[in-house]
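Each chain, written out:
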Amino acid sequence: MIRIEDTLKLLKEHQPDADEMLVRRAYIFSARVHQGQLRKSGEPYLIHPVEVSYIVASLGLDAPSVAAALLHDTVEDTVTTIEEIEETFGKDVAFMVSGLTKIAKINFKSAEEAQAENFRRLLLAMVQDLRVILVKLADRLHNMRTMQYMPPEKQQRISRETLDIYAPLANRLGIAWIKTELEDLCFKYLYPEEYHNLAAQIAKTRAERESFIARVVDQVKGALEKQGLTAEVTGRPKHLWSIYQKMRSHHSLNNLYDIHAFRIIVDSPEKCYAALGYVHSLWKPIPGRFKDYIATPKENGYQSLHTSVIGPEHERIELQIRTQQMHDVACYGVAAHWNYKEAQYGRNSSPIYQNLQNSIMEVVKGGITGKDVADDLFKNQVFVFTPQGDVMQGLPEGATVLDFAYTIHTDLGHECTGARIDGVQVPIRTKLETGQYVEILRTPGSKPKADWLKFVVTNRAKAKIRAYLRQEDNARSEQLGIEKLDRELKRYGLNLNKMRKTGQLDECAKKGKFKSPHELFLAIGYEKVRLETILDLFLPEEVKREQLEAAQQEKESELERLKKVDLAKPAASTGGRTGVIVDGLEGIACHFPRCCSPVHGDPIVGFVSAGQCVTIHRLDCPQVANYDNGRKVDVRWEEDGQVHQSQVRVRVLGKDAPGLLASMSQALYDAGVNISGVSCRTTPERDSINIFTLLITDIEQLTQAMKLLKRIDGISTVERLNN
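First, a word on what this report is: a plain description of the structure on this page. If you're wondering where the values come from, they're calculated on a predicted model, not measured in any experiment.

1. Description of the overall build of the protein
Phase 1: Counting secondary structure elements, the protein contains 28 helices and 24 strands.
Phase 2: Looking at the 723 residues of the protein, the share that counts as buried comes to 49%.
Phase 3: In the protein, the proportion of contacts linking residues at least 24 apart, taken out of those at least 6 apart, comes to 64%.
Phase 4: Carbon and sulfur atoms make up 48% of the accessible area of the protein, which totals about 36,600 Å².

Here is the structure:
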């Protein structure tokens, strides 16, 4: 039985300056609060924390870690509080005990490989100090060593949890001896028949194998000594779980030739490679079985040379060649770093530890502490539980309830209205913290809102919200396009629904080079095409002929009227009302159509129409092509005295921001322009689309107004519209 003096002796070996009184006080405190409690074995409960403290001391950890090991069950199993631990033993010990208490409350119910990895990541993310994990591994190791006192169902459950969670975690942290012992203990309880059969087979040949190991060790040491190389050479059979795993592939113990492992420890990395050469000259190496983990260390800091050879009696053996420092890291992993001193390894020799988040090796220059080692482990990730106790994959730091909902399912995110965190109801924008239990609250029929994009942080949530808002905007625009087209078609006695049923709608869309009616409706709704152009796709040929004949009749009537006009009269102003002079025609009225809304200063052209009127268009107006050149007349603006105001539509595009509309209105006011109408909308991507209807007197005023609009921060495009 381990005594507290054994723990203190081991602590002093690794940490000569350790605070022995801190550990003694923790022992006395633990003995007092656990007094009267018994383990399943019937022994006093205190035996367990003392045994755990001994394992922690054997890892070379410091006095606070050993004290935490002695106190690790006090908060969970007695009336002791964390505040009492902190007041009595300080923040460092209290922090570790608090972390161990949190871990003890986790329900590791899933054995799936991916979920088990999430649990291992959770453990590393929950604690800011890796000493907590190391104490927990020591706690689990002693529990497995005394598992025989537990009922069978509990043996199975705890062993499965250990094999899935803690043994791989020990391996990931590079603590090989804990990983190996945990695996063999789990093997014993999970597969008892296979375990005892294999142990019996190994025992039958124990003497023979020990003799074989001794012969190999002697041959290796002799060969190295002949070359002047001093080395420590040891051999052992591989552990039972490892052999069992190999047997599952090779079916028989007799077919396994590499169940012996030998280790060669030398003074320097250079001598590792020299020893490798001597071993290969002694026995034939097996091709493809050499690994250089010195030049390329494993992610957990492990360094060694591995080789397999055909040894004595033609038996395959595996050899590992490393330095003492490499051996310490191989056995104790990150725990080995608490033993490193600059004086011991030289000022320029730094321990290597694993950065698990980035899977890269980092070099630490002296002064290693538990927090130093853990600082970069998943510090930017959050791990939370579902109501069922499963661990969700790491969310980014700052993730909210809504991010969590979208991580689970898109529909859950769309209908999320809040959550319960550890039983307390919170809003959707609440930020999550590692270790919380989160239950999403949903209201069927709820819809995403644009302002959700302001606080979600995951790309998935942002993409799903934008996609929904875009779909909603498309649906509204499509419905608007349907209504506009249906209204115009009814003027000609056509029915959109009937055309849809007969297939005419699809034919018309295809004729207009649209992929589908849906695309056609969107084009109308977003005003990407002129409705007059779309109507031309739908109107029957007889209607088009009727329109053409009506236009021809109007043209002929106009020509008849023009014959009565005295074209010999000199040019005259139409009067100050319009500011346009029509050459050759006196007293004729001028009409300014809405299709192009010409303003004073625009290049213009005129066409005589019915009713003693000249229609004035901008020279670049698309409608000009529809007029007969025989009706064209020369027109020009009066140089002064014009008072005509035209309605001009201007489209302004930019990024939506508070105060943007006010800035645009101020710019138009500064240009002396009156606003007669405005239409503003914002897309899901936060683009601002604004169409102003302005009363403009001349082209200079319009140009100045557009220049002022372009100067506003966030405005990308200012353009004049034709209609």
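2. As for the sheet that holds strand β24 (residues 715–720)
Phase 1: Strand order in the open sheet made by the four strands is β22-β23-β21-β24, with antiparallel pairing throughout. A single partner strand is all that each edge strand has here, and the edge strands are β22 (674–682) and β24. Each strand of the sheet is rotated relative to its neighbour by a mean of 15°, with strand direction disregarded.
Phase 2: As defined by bridge partners, strand β21 (residues 646–655) adjoins β24 across five bridges and the pair is classed as antiparallel.

3. Here's the deal with the packing of aromatic side chains
The relative placement of two aromatic rings is captured by the distance of their centres and the angle of their planes.
Phase 1: Per the stated rule, a full pass over the model turns up ten aromatic pairs.
Phase 2: For the pair Phe187 and Tyr195, a centre-to-centre distance of 5.4 Å together with 85° between the ring planes defines the contact as edge-to-face.
Phase 3: When its relative accessible area of 0% is taken as the criterion, Phe187 is described as buried.
Phase 4: A relative accessible area of 17% means that Tyr195 is categorised as buried.
Phase 5: Both rings, one in Tyr191 and one in Trp241, keep their centres 6.2 Å apart while their planes meet at 20°; by these two values the pair is stacked. Separated by 50 residues along the polypeptide, Tyr191 in the loop between α11 (176–190) and α12 (192–204) and Trp241 in helix α14 (residues 240–250) bring together distant segments of the chain.
Phase 6: Judged by relative accessible area, Trp241 falls into the buried class, the value being 9%.
Phase 7: An aromatic cluster is built from Phe187, Tyr191, Tyr195, Trp241 and Tyr244, whose rings are joined through pairwise contacts.
Phase 8: Geometry around Phe29 places Arg32 over its ring, the cationic atom sitting 4.9 Å from the centre.

4. As for the packing of helix α9 (residues 130–145) against α11
The description of two helices packed together rests on the angle between their axes and the distance between the axes.
Phase 1: Relative orientation of the contacting elements α9 and α11 amounts to 35°, with a least axis distance of 10 Å. Between α9 and α11 lies a crossing of left-handed hand. On α11, the residues that touch Arg140, Leu141, Met144 and Arg145 of α9 are Trp177, Ile178, Glu181, Leu182, Leu185, Cys186 and Tyr189.

5. Digging into the pairing of β22
Phase 1: Sheet topology places β22 next to strand β23 (residues 687–696); eight bridges connect them, and they run antiparallel. In the sheet register, Thr682 faces β23, and the bridge partner there is Ser688.

6. Details of the pattern of salt bridges
Phase 1: Under the defined criterion, the tally for this structure stands at 22 salt bridges.
Phase 2: A salt bridge links Arg145 to Glu181, with the shortest nitrogen-to-oxygen separation between them at 2.7 Å. With Arg145 in helix α9 and Glu181 in helix α11, the pair connects residues that are 36 residues apart, well separated along the chain.
Phase 3: A network of salt bridges, in which partner residues are shared, links Glu5, Glu20 and Arg24.

7. Some thoughts on the pairing of strand β2 (residues 260–266)
Phase 1: In terms of residue burial, β2 counts as a mostly covered element, since seven of its seven residues are buried.
Phase 2: What you see with β2 is no split at all: His260, Phe262, Ile264 and Val266 on one side and Ala261, Arg263 and Ile265 on the other are buried throughout.
Phase 3: Pairing analysis gives six bridges linking strand β1 (residues 232–237) to β2, with the strands arranged antiparallel. In the strand pairing of β2, Pro237 is matched with His260.
Phase 4: Where β2 lies against strand β6 (residues 316–323), six bridges are found, and the strand directions are parallel. Bridge pairing in β6 links Phe262 to Leu319.

8. Here's the deal with the environment of Tyr244
Phase 1: Here Tyr244 is to be found in helix α14.
Phase 2: With relative accessibility at 12%, the residue Tyr244 sits in the buried group.
Phase 3: The spacing of Tyr244 and Phe187 is 57 residues in sequence and 9.0 Å in space, taken between C-alpha atoms.
Phase 4: Beyond its immediate sequence surroundings of up to four residues, Tyr244 is in contact with Phe187, Tyr191, Glu194 and Leu198.

9. Remarks on α11
Phase 1: With 15 residues, α11 extends 21 Å from end C-alpha to end C-alpha; this agrees with the ideal 21 Å at 1.5 Å per step.
Phase 2: The complete set of buried residues in α11 reads Ile178, Lys179, Leu182, Glu183, Asp184, Leu185, Cys186, Phe187, Tyr189 and Leu190.

10. Observations concerning unusual backbone geometry
Phase 1: Backbone geometry at Asp422 places phi at a positive 50°, although glycine is not the residue there.
Phase 2: In this structure Asp422 comes out as partly exposed when scored by relative accessible area, which is 49%.
Phase 3: In the Ramachandran plot, Ser597 falls in the positive-phi region, its phi being about 45° despite a non-glycine side chain.
Phase 4: Here Ser597 is to be found in the loop between β16 (589–591) and β17 (604–609).
Phase 5: Since its relative accessible area comes to 13%, Ser597 is described here as buried.

11. What about helix α7 (residues 91–104)?
Phase 1: Helix length check: α7, at 14 residues, gives a terminal C-alpha distance of 20 Å against a target of 20 Å (1.5 Å per residue), a fit within 8%.
Phase 2: Listing the buried residues of α7 in full gives Val93, Ala94, Met96, Val97, Gly99, Leu100, Thr101 and Ile103.

12. Brief notes about the packing of helix α27 (residues 660–670) against helix α28 (residues 699–710)
Phase 1: Direction vectors running N to C along α27 and α28 enclose 150°, while the axes themselves pass 9 Å from each other. The angle between α27 and α28 places the two elements in the roughly antiparallel class. Seen from above, α27 lies across α28 with right-handed handedness. Each of Met664, Ala667, Leu668 and Asp670 in α27 lies in contact with α28, whose residues at this interface are Ala705, Leu708 and Leu709.

Rules used in this analysis
Residues numbered from 1 in each chain as written. Predicted model: local features only at pLDDT ≥ 70, side-chain atom pairs only at ≥ 80, totals over all residues. Heavy atoms only, no water. Helix = DSSP H or I, 4+ residues; strand = E, 2+ residues; numbered from the N terminus. Buried < 20%, exposed > 50% of the residue type's maximum accessible area, 1.4 Å probe, protein only. Contact = heavy atoms within 4.5 Å. Areas by Shrake-Rupley, 256 points an atom, 1.4 Å probe, with all protein chains shown as cover. Pairing = 2+ DSSP bridges. Axes fitted to C-alpha atoms, helices over the stretch in contact; angles between N-to-C directions. Phe/Tyr/Trp six-rings, centres within 6.5 Å; stacked < 30°, edge-to-face > 60°. Lys NZ or Arg CZ within 6 Å of the ring centre and 35° of its normal. Left-handed = near helix turned anticlockwise from the far one by under 90°. Salt bridge = Lys/Arg side-chain N within 4 Å of Asp/Glu carboxyl O. Expected span 1.5 Å × (residues − 1). Parallel < 35°, antiparallel > 145°, perpendicular 65-115°, else oblique.

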